[in-house]
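Letter by letter, the chains look like this.
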Amino acid sequence: TERKNAEASAQLAGIAYENSSEAIAVTDAAGVIMDVNPAYARITGRWPDEVVGEMLPLLRPGRHNRDFYDAMWHAINTTGRWEGEYWSRRKSGEDYAERVVIDTAWNHDGSVNCRVAMVSDITEKKQAERQIWWQAHHDPLTALPNRQYFNDRIARSVGESERTGLPLALLFLDLDGFKGIND
């Protein structure tokens, strides 16, 4: 009975792995890909025979700065888990944003068995966020920065001036009759 339950559980896990809408990559302890599910090919454009045996792209230096990779590997090696956002490139050359969660599977002796990366394409979400930010900080008619954008920038500049000790200057121009032109 235990064997049959284990087989049924393994079969269900296999079905979930094959039919997941999220890309799943299984790597060894060093980040070398051992297997990927079909969603990985749909999202990245790279098929299993192209990536198995290669380093998982987000685990090797490239798109982000060294501090990003150091922090990622530190989290993976100390806690066994990392999650975050990452910009990657499809096989077609198109850039896209990923939401990634990497978990570590451990052996009984405490050594790393494998790592499992779950990858979601969040490009549309990032584009919507960018559009909302633009609309909140720019005039819809002229596309010029608005008062909220100005206040944000001046607050940043004041903070940077205080932090660095460098002076800050602000020039204010008052144009007579500009309200009528603006309206």
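Everything below is about the structure printed above this text.
Chemist: Tell me about unusual backbone geometry, residues and numbers included.
Modeler: Of note, Ala143 is a non-glycine position whose phi angle comes to about 65°, a positive value. What makes Ala143 partly exposed here is its relative accessible area of 38%.

Chemist: Got a sec to walk through the pattern of salt bridges? Specific residues and values, please.
Modeler: Throughout the structure, instances matching the rule amount to 13 salt bridges. For Arg90, the salt bridge is made with Glu94, and the minimal N-O distance between the two is 3.1 Å. Since its relative accessible area comes to 14%, Arg90 is described here as buried. Glu129 is paired through a salt bridge with Lys126; the nearest N and O atoms lie 3.6 Å apart. Of this pair, Glu129 and Lys126 both sit in helix 5 (residues 123–137), separated by three residues, roughly a single helical turn. Among the charged side chains, a network of salt bridges with common partners joins Arg81, Glu83, Arg99 and Asp103.

Chemist: Requested: an account of the nonpolar core, with residues and values cited.
Modeler: Counting 22 residues, the largest nonpolar core has Tyr40, Leu56, Leu58, Leu59, Trp82 and Ile102 as the members making the most contacts within it. Counting only elements with at least two residues in this core, the list comes to strand 1 (23–27), strand 2 (33–36), helix 2 (38–44), helix 4 (66–79), strand 3 (81–89), strand 4 (95–106) and strand 5 (112–121). The dominant element in this core, judged by the number of residues it contributes, is helix 4, at five residues. Here Leu58 is in contact with Tyr69, Met72, Trp82, Tyr86, Glu98, Val100 and Ile102, once residues within four sequence places are set aside.

Chemist: Talk me through the sheet that holds strand 3; I want residue IDs and the actual numbers.
Modeler: If you walk across this open sheet you meet the five strands as 2-1-5-4-3, and the pairing is antiparallel. Looking at strand neighbours, the two that pair on one side only are strand 2 and strand 3, the edges of this open sheet. In this sheet, neighbouring strand axes are inclined to one another by 25° on average, regardless of whether the strands run parallel or antiparallel. For strand 1 and strand 5, the ladder comprises five bridges, and the chain directions are antiparallel. Residue pairing across strands places Ile24 opposite Met118, the latter belonging to strand 5.

Chemist: How would you sum up the side chain of Thr44? Please name residues and give values.
Modeler: Secondary-structure assignment places Thr44 in helix 2. Note on Thr44: relative accessible area 4%, which makes it buried. At 2.7 Å, the side chain of Thr44 forms a polar contact with the backbone oxygen of Tyr40. The residues touching Thr44, leaving out its near neighbours within four places in the chain, are Arg90, Lys91 and Tyr96.

Chemist: How would you sum up the environment of Val26? Please name residues and give values.
Modeler: Relative to the helices and strands, Val26 is located in strand 1. Placed 62 residues apart in sequence, Val26 and Ser88 show a C-alpha to C-alpha distance of 18 Å. Sequence-distant contacts of Val26, that is, excluding residues within four places in its chain, are made with Tyr17, Val32, Ile33, Met34, Asp35, Cys114 and Arg115.

Chemist: So what about the pairing of strand 1? Which residues, and what values?
Modeler: The buried fraction of strand 1 amounts to five of the five residues, a majority that puts the element mostly inside the structure. Neither face of strand 1 is open: one carries Ala23, Ala25 and Thr27, the other Ile24 and Val26, and all of them are buried. Bridge analysis of strand 1 against strand 2 gives three bridges, and the strand direction is antiparallel. Each residue of the ladder has a partner; that of Val26, found in strand 2, is Asp35.

Chemist: So, helix 6 (residues 147–164): which residues are in play, and what are the values?
Modeler: Along an α-helix, residues three or four positions apart point the same way, because every turn accommodates 3.6 residues. Over its 18 residues, helix 6 runs 25 Å from end to end, which matches the ideal 26 Å to within 8%, given 1.5 Å per residue. Its side-chain oxygen at 3.2 Å from the backbone nitrogen of Gln148, Asn146 defines the N-terminal cap of helix 6. Positive phi shows up at Gly165, right after helix 6, with a value of about 80°.

What counts, and where the lines are drawn
- Residues numbered from 1 in each chain as written.
- Predicted model: local features only at pLDDT ≥ 70, side-chain atom pairs only at ≥ 80, totals over all residues.
- Heavy atoms only, no water.
- Buried < 20%, exposed > 50% of the residue type's maximum accessible area, 1.4 Å probe, protein only.
- Salt bridge = Lys/Arg side-chain N within 4 Å of Asp/Glu carboxyl O.
- Helix = DSSP H or I, 4+ residues; strand = E, 2+ residues; numbered from the N terminus.
- Core = buried A, V, L, I, M, F, W, Y, C linked by side-chain atoms within 4.5 Å.
- Contact = heavy atoms within 4.5 Å.
- Pairing = 2+ DSSP bridges.
- Axes fitted to C-alpha atoms, helices over the stretch in contact; angles between N-to-C directions.
- Polar contact = N/O pair within 3.5 Å; in protein donor to acceptor, adjacent residues only side chain to side chain.
- Expected span 1.5 Å × (residues − 1).

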